[in-house]
Amino acid sequence: MKVVLQNLTKIFPSRNKKSNEEVVAVNDFTFEIPDGKLIGLLGPSGCGKSTTLYMISGLQKPTGGKIFFGDDDVTELSPENRGIGLVFQNYALYPHMTVMQNIMFPLQNLKGADKMDKSTMIERAYQAAKLVQIDELMDRKPSELSGGQQQRVAIARALVKMPKVLLLDEPLSNLDARLRLQTREEIRRIQKETGITTIFVTHDQEEAMSISDMIVVMKLGVLQQIGKPQEVYDDPANLFVAKFLGTPPINVFNGEVKDGKLYIGEEAVLDVAGVEDQKVTVGIRPEGFVVDENGPLTCNLNNVEIMGRDVSVVSTNESSQNPVIRSIVDSDTKIAAAETVRFSLKPHKVFLFNVETEERIRF
């Protein structure tokens, strides 16, 4: 099911009686979610991603704009009539019910032509449980399950109605690191097997990039960039997107363009022909550094961290906006014990941004 958001806006009234200033949670958001794709809504806390999800589900009503499922305008439609499955961050399971009863619950509330007999409901519940690999736990109560198992029950309950759209609100945030990795792989597998259009809300960029067909990066209710995860990482539209994506994060420097060359401090580190002379903000991905004894960028060497297949060179530079610079280089790289380390730079891993607007300057 294709989902289209058209100029979607959500404004909450002010809680401060003195200022009476409204809070714009989502601002004029327009986006088309293709049929059968998994889309990651990504951004820091308070960026409007969960509000967007709740407007798609019908739990919150937009202040402006429209929502379409296929060609149908569902903006005014109630949640139960939209054909959605919703998985909450805290699982929201009924503690007094078994796994089977929790999964069957949405089917028991169907009325009219959609109403099912008990044997059909049980069969559908087992199908959903098998999909998320908990069909052997049907007689247990939620308190007898691990966090990962509870999350699977919540996903099965959302899938049992065979929804047109599956909505996941930070479904992995309550799980430990290893379980998060396993569960996000499961979510991707389930989505591929079912072909259900899925919208996945998270503040964890690694989660979003690892399983999404496309990511939508948001900041303060405003859409920043849409694209395939690797494309957005390799070609950020602005400084916010560049800083938000990437582990370790991008290294940011104060720089200046003079006569077609990029300067960091007093050193000309890169040719940037065609860029006007100006002060710039420079972003360099950790993998954009090459240890080179004749390289143009000199940094003060702090430490060399061996990480198996990679080496992290930790250094500082007076022009760096980060407390330290992290450069990821191949483990075969020989780094001499010295006070300084010199780098040459990979041009496609270096980004320039306007100091005032933070928009990308292309070269």
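Bear in mind the structure is a predicted one, so any value in this text is a computation, not a measurement.

Novice: Please provide a residue-by-residue account of the sheet that holds strand 4 (residues 64-69), values included.
Specialist: The 4 strands lie next to each other as 2-1-4-5, forming an open sheet whose pairing is antiparallel. Each of the sheet's edge strands pairs with one partner strand only, and the pair in question is strand 2 (23-33) and strand 5 (72-73). Here strand 1 (residues 3-12) runs beside strand 4; their pairing, made up of 5 bridges, is antiparallel. Counted as the bridge partner of threonine 9 is glycine 64 from strand 4. Lying on the sheet, helix 1 (residues 49-57) is in contact with strand 1, strand 2 and strand 4; it crosses strand 1 at an angle near 115°.

Novice: Report on the pattern of salt bridges, specifying residues and quantitative values.
Specialist: Summed over the entire model, instances satisfying the criterion amount to 18 salt bridges. A salt bridge links arginine 189 to glutamate 186; its shortest N-O distance comes to 2.7 Å. Placement of both arginine 189 and glutamate 186 in helix 5 (residues 177-194) is noted, with a separation of 3 residues, approximately one turn of the helix. We classify arginine 189 as partly exposed; its relative accessible area is 22%. Where glutamate 256 meets lysine 279, a salt bridge forms, and the shortest distance between an N and an O atom there is 3.8 Å. In this pair, glutamate 256 is assigned in strand 11 (residues 251-258) and lysine 279 in strand 14 (residues 278-284), connecting sequence segments 23 residues apart. Residues joined by salt bridges that share partners form a network here, namely Arg152, Glu186, Arg189 and Glu193.

Novice: Got a sec to walk through the packing of helix 2 (residues 99-108) against helix 3 (residues 118-131)? Specific residues and values, please.
Specialist: Where helix 2 meets helix 3, the axes come as close as 9 Å, and the angle between the chain directions of the two elements is 125°. With respect to helix 3, the element helix 2 is oriented oblique. As helix 2 runs across helix 3, the sense of the crossing is right-handed. On helix 3, the residues that touch Met100, Ile103, Met104, Leu107 and Gln108 of helix 2 are Met121, Ile122, Arg124, Ala125, Tyr126, Ala128 and Ala129. Residue classes in the contact of helix 2 with helix 3 are distributed as 10 nonpolar, 1 polar and 1 charged.

Novice: Describe helix 4 (residues 147-159), naming the residues involved and giving the relevant values.
Specialist: Its 13 residues place the ends of helix 4 19 Å apart at the C-alpha level, agreeing with the 18 Å of an ideal helix rising 1.5 Å per residue. By the criterion of burial, helix 4 is predominantly enclosed, with 11 of the 13 residues buried. Where helix 4 is concerned, the buried positions are Gly148, Gln150, Gln151, Arg152, Val153, Ala154, Ile155, Ala156, Arg157, Ala158 and Leu159. Looking at the buried positions of helix 4, the neighbouring elements they touch are strand 6 (84-87), helix 2, helix 3, strand 7 (165-169) and helix 5.

Novice: Tell me what's going on with unusual backbone geometry, and back it up with residues and numbers.
Specialist: The omega torsion of the bond from threonine 247 to proline 248 falls at -5°, within 30 degrees of zero and hence cis. Within the secondary structure layout, proline 248 lies in the loop between helix 8 (239-244) and strand 11. The phi angle at methionine 162 is positive, at roughly 55°, despite the residue not being glycine. Relative to the helices and strands, methionine 162 is located in the loop between helix 4 and strand 7. Using a relative accessible area of 55% as the deciding quantity, one classes methionine 162 as exposed. For glutamate 358, which is not glycine, the phi dihedral falls at a positive 65°. Its location among the elements puts glutamate 358 in the loop between strand 20 (350-354) and strand 21 (360-361).

What counts, and at which threshold
- Residues numbered from 1 in each chain as written.
- Predicted model: local features only at pLDDT ≥ 70, side-chain atom pairs only at ≥ 80, totals over all residues.
- Heavy atoms only, no water.
- Pairing = 2+ DSSP bridges.
- Helix = DSSP H or I, 4+ residues; strand = E, 2+ residues; numbered from the N terminus.
- Contact = heavy atoms within 4.5 Å.
- Axes fitted to C-alpha atoms, helices over the stretch in contact; angles between N-to-C directions.
- Salt bridge = Lys/Arg side-chain N within 4 Å of Asp/Glu carboxyl O.
- Buried < 20%, exposed > 50% of the residue type's maximum accessible area, 1.4 Å probe, protein only.
- Parallel < 35°, antiparallel > 145°, perpendicular 65-115°, else oblique.
- Left-handed = near helix turned anticlockwise from the far one by under 90°.
- Nonpolar A, V, L, I, M, F, W, Y, C, P; charged D, E, K, R; others polar.
- Expected span 1.5 Å × (residues − 1).

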